[in-house]
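Summary of structural features
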Amino acid sequence: MKSKPMKILIIEDDINDCNAFVECIKSRKDVELVGLTDSDEEGLKYVKLKHPEGIVLDLELNNSTTGNTDSLEFLSNIRKLNLNYQPVIIVTTHVNSKRTYDILHRNGVDLILYKDHPNYSCNNVLNKFLNLRELAPKQTVDMLKEELKESENKISDCIYHELDLIGVSAKLKGR
């Protein structure tokens, strides 16, 4: 069965990067662009309306029309939305700081890609999304309920077996 294209939201203020992503996505059938903005506030609106599976988030939004220059607030605000799913978030940045990367990971970022790395490209970013999508848990709620029920039954069987060993029979009241 062929999977649907992955829905991607791009929050980026550099027009050249935006154009590169748009051109790259046009040439692919495995990803779909659901929104493009230079504002973290607009990005939150897109998340609410379009439910993207993946978000490209530029860390420094220096040319943002809203004037907000960093995306850290976006990360805390997306958690406040209480989404019923967890989008994959890839941060792209020119910053190369371990402390910044630690903060980003603590705030739910899945991957950080350094824009000045020789292998950085839009195709590389989109491929990372698809790789992370494949790693996402494929278990449904029903499968988890079934697994939980099986675990409970195994525990009950063990308890009944131990009670039998110490002489507490199944006929006793309260067993």
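Quick summary incoming for the structure in this document.

About the criteria used
Position numbers for residues start from 1 in each chain and track the written sequence from start to end. Given that this is a predicted model, residues contribute local features only at a pLDDT of at least 70 and side-chain atom pairs are listed and counted only at 80 or more, while totals for whole chains, interfaces and linings are drawn from all residues. Only heavy atoms go into the side-chain values, all of them from the structure, while hydrogens and water stay out. A 1.4 Å probe rolled over the protein chains alone gives each residue an accessible area, and that area as a share of the maximum for its type sets the label: buried under 20%, exposed over 50%, partly exposed in between. Think of it this way: any DSSP run of H or I at least four residues long counts as a helix, any run of E at least two long counts as a strand, and we number them from the N terminus. Being paired, for any two strands, means DSSP has found at least two bridges between them. Patch membership requires more than 30% relative accessible area and the absence of a salt bridge. Residues of like charge join within 9 Å; the nonpolar side chains Val, Leu, Ile, Met, Phe, Trp and Tyr join within 5 Å. Accessible areas in this description were obtained via Shrake-Rupley with a 1.4 Å probe; residue shielding takes into account the shown protein chains only. Any carboxyl oxygen of Asp or Glu within 4 Å of a side-chain nitrogen of Lys or Arg constitutes a salt bridge here. A fitted line through C-alpha atoms serves as each axis, taken over the contacting stretch for helices, and the angle formed by two N-to-C directions is quoted from 0 to 180°. Here, two residues are considered to be in contact whenever any of their heavy atoms come within 4.5 Å of each other.

Describing the pairing of strand E4 (residues 88–93)
In terms of burial, E4 is largely enclosed, as six of its six residues are buried. Residues Val-88, Ile-90 and Thr-92 line one face of E4 and the alternating positions Ile-89, Val-91 and Thr-93 line the opposite face, and both faces are buried. Inspection of the sheet shows strand E3 (residues 54–58) paired to E4 by five bridges, in the parallel sense. Along E4, the bridge assignment pairs Val-56 with Ile-90. One ladder, built from four bridges, connects E4 with strand E5 (residues 111–114); its direction is parallel.

Observations concerning the pairing of E3
A large share of E3 lies buried, amounting to five of its five residues. Taken together, the four bridges between strand E1 (residues 6–11) and E3 define a ladder with parallel strand orientation. Pairing of Ile-8 across the sheet is with Gly-54, part of E3.

Side note on the environment of Leu-59
Positionally, Leu-59 belongs in the loop between E3 and helix H3 (72–80). Classification of Leu-59 as buried rests on a relative accessible area of 8%. For the pair Leu-59 and Val-91, spaced 32 residues apart in the sequence, the C-alpha separation amounts to 6.2 Å.

Brief notes about a nonpolar patch on the surface
Taken together, Ile-155, Ile-159 and Tyr-160 make up a surface patch of nonpolar side chains, about 300 Å² in accessible area. The topology assignment puts Ile-159 in helix H6 (residues 141–165).

What about the sheet that holds E3?
Ordered in space as E2-E1-E3-E4-E5, the five strands form an open sheet in which the pairing is parallel. Edge positions in the sheet fall to strand E2 (31–37) and E5, since each has one partner strand and no second. Shown here is a sheet whose adjacent strand axes are inclined to one another by a mean of 20°, direction ignored. In the packing of helix H2 (residues 40–50) onto the sheet, contacts are made with E1, E2 and E3, and the angle to E2 comes to roughly 140°. On the sheet, helix H4 (residues 98–106) packs against E4 and E5 and is oriented at approximately 145° with respect to E5.

Thoughts on unusual backbone geometry
Its identity is not glycine, yet His-51 carries a phi of approximately 50°, on the positive side. Among the structural elements, His-51 can be located in the loop between H2 and E3. One non-glycine residue, Asn-82, lies in positive phi territory at about 50°. Structurally, Asn-82 is set in the loop between H3 and E4. Judged by relative accessible area, which is 65%, Asn-82 ranks as exposed.

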